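# Close look at the chain arrangement
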Amino acid sequence: MVCKSYRILLLVLFVFNTYIKAITVTQTLYLNKGEFVAIIDSNKAPYYSFNSSKVFNAKNALLKLSTSDVLILKIINTDTIIHGFNIKNHTPLNSIINAGDSITHTLTFNSEGVFIYYDSYQYPKYKYMGAAGMICVNNTDIVKNYYWNIKDHELSYNKQLDSNKTVNWEKYSPEWHTINSLSFFHTIMNDSTINVNAKLGDTIRINIANTGQSARSIHIHGFHGKIIYSSVPKQIGRIKDSFPIPKMETMQIEIVADQIGTYSAHDNNLTATTGNGTPPFGLITFIVIEK
């Protein structure tokens, strides 16, 4: 009887301890419509994004959590048409959000990693047109984290889809390749979560989501990184300098900054390092390590 009471007490203490550690994170996302602006010729195309306000920004909002958090997530559709919401590699939601309406989900994540939230309505239409972001679950503050949401676009496809026309994905040939909706040189000037700036001896974690339509092979010069999370589980634990990431998959790469210098990071597909065929206005950034 004493042993049974003791076990019950331990269970109560465990549940109570778990409860008091849990943090409730309340987040509102606004699904906004705007324009993607090409940096070379200022050509524009219809674009969608999940933002933290009603003001459109091509960069989707980043959600950062730990596994102890409870996320109360409200999504507001500011558009005049129906949209959807889902999270890849999580409990299927497949929500429908009517024009001007909203939905709310209460979510928890049981493991560290990178998860893609996206507009699932008429998939991949609105996801391709920009509406896909990252949820990063990380339980340590020891490492320096960077966040790369990688996309690609053939601007004529954006315009056709916006006019409710069909496109042939088999002939898809993207002109623009972006990180957080930015191309080089903007990747190193306009977003401190892209361009890695660290000190010798730092541990760096690059959180990557490929939310585009193209497969990626991300090459990091100067270092070999360890894949500590991948939505393709067989990749976990591998130590490499090039990292294959299929479309709608994610990865966390951990690097120890063991040498000083400036090193590039880019897609091994050289076309992806151009903007509309002109280098270097594509998927390129730098890793800068100082004393």
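One can find the structure itself at the top, above this paragraph.
On a predicted model such as this, the values are computed, not experimentally measured, just so you know.

Time to look at the overall build of the protein. When helices and strands are counted, the protein shows 4 helices and 20 strands. Relative to the 2.2 N^0.38 estimate, which gives 19 Å for 291 residues, the radius of gyration of the protein is 21 Å and therefore close to what a compact globule would have. Along the longest, intermediate and shortest principal axes, the C-alpha atoms of the protein span 75 × 50 × 30 Å. Looking at the protein as a whole, 50% of its 291 residues qualify as buried. For the protein, the accessible surface area stands at approximately 13,800 Å², while carbon and sulfur atoms represent 55% of it.

Take the sheet that holds strand β11 (residues 176-179) next. Here we have 6 strands laid out as an open sheet, ordered β11-β10-β13-β18-β15-β16, and mixed in their pairing. Each edge of the open sheet is held by one strand with a lone partner, namely β11 and β16 (239-240).

Okay, the sheet that holds strand β7 (residues 102-107) next. On the basis of which strands lie adjacent, the open sheet formed by 4 strands has the order β2-β1-β4-β7 and mixed pairing. Of all the strands in the sheet, just β2 (44-51) and β7 have a single pairing partner and so form its edges. Pairs of neighbouring strands in the sheet enclose a mean axial angle of 15°, with direction left out of account. Pairing analysis gives 9 bridges linking strand β1 (residues 23-37) to strand β4 (residues 69-77), with the strands arranged parallel. Residue pairing in the sheet places Leu31 in a bridge with Asn77 of β4. Helix α3 (residues 155-162) rests against β1 and β2 of the sheet, and its axis sits at about 75° to β2.

Our focus in this paragraph is the pairing of β2. The element β2 is extensively covered by neighbouring structure, given that 7 of its 8 residues are classed as buried. Taken together, the 8 bridges between β1 and β2 define a ladder with antiparallel strand orientation. Paired with Leu31 across the bridge in β2 is Phe50.

Our focus in this paragraph is α3. Within the sequence span of α3, burial applies to Leu155, Tyr157, Asn158 and Leu161. Around the axis of α3, the buried residues are gathered within 160° of arc, so they sit on the same side.

What follows is about the pairing of β11. Alternating residues of β11 divide into Trp176 and Thr178 and His177 and Ile179, and every residue in both groups is buried. Summarising the sheet, strand β10 (residues 144-153) and β11 pair through 4 bridges and their orientation is antiparallel. Along β11, the bridge assignment pairs His153 with Trp176.

Moving on, we get to the nonpolar core. Formed by 29 residues in total, the largest nonpolar core has its most connected members in Leu29, Phe85, Phe109, Tyr117 and Ile135. Formed by 26 residues, the second largest nonpolar core is a distinct cluster that contains Tyr146, Ile150, Ile179 and Ala265.

Per the counting criterion, the structure on display carries 8 salt bridges. Close ionic contact of Asp152 with Arg216 constitutes a salt bridge, the shortest N to O distance being 3.2 Å. Of the two residues, Asp152 sits in strand β10 while Arg216 sits in strand β14 (residues 216-220), which places them 64 residues apart along the sequence. Accessibility classification places Asp152 together with Arg216 in one group, the buried group. Measuring nitrogen to oxygen at the nearest pair gives 3.8 Å for the salt bridge that ties Lys199 to Glu290. In this pair, Lys199 sits in strand β12 (residues 196-199) while Glu290 sits in strand β20 (residues 284-290), placing the two residues 91 residues apart along the sequence. Accessibility expressed as a relative area gives 43% for Glu290, which makes it partly exposed. Among the charged side chains, a salt-bridge network with shared partners connects Glu112, Arg205 and Glu254.

On to the environment of Thr273. Take Thr273: it is sitting in the loop between β19 (261-267) and β20. Assessed through its relative accessible area of 11%, Thr273 is described here as buried. When the C-alpha positions of Thr273 and Lys151 are compared, they lie 13 Å apart, and in sequence the two are 122 residues distant. Engagement of the side chain of Thr273 in a polar contact is seen with the backbone oxygen of Leu270, the distance being 2.6 Å.

Calculation notes
Residues numbered from 1 in each chain as written. Predicted model: local features only at pLDDT ≥ 70, side-chain atom pairs only at ≥ 80, totals over all residues. Heavy atoms only, no water. Helix = DSSP H or I, 4+ residues; strand = E, 2+ residues; numbered from the N terminus. Rg over C-alpha atoms; globule rule 2.2 N^0.38 Å. Buried < 20%, exposed > 50% of the residue type's maximum accessible area, 1.4 Å probe, protein only. Areas by Shrake-Rupley, 256 points an atom, 1.4 Å probe, with all protein chains shown as cover. Pairing = 2+ DSSP bridges. Axes fitted to C-alpha atoms, helices over the stretch in contact; angles between N-to-C directions. Contact = heavy atoms within 4.5 Å. Arc of directions from axis to C-beta. Core = buried A, V, L, I, M, F, W, Y, C linked by side-chain atoms within 4.5 Å. Salt bridge = Lys/Arg side-chain N within 4 Å of Asp/Glu carboxyl O. Polar contact = N/O pair within 3.5 Å; in protein donor to acceptor, adjacent residues only side chain to side chain.

Honestly, it's all geometry; don't read function into it.
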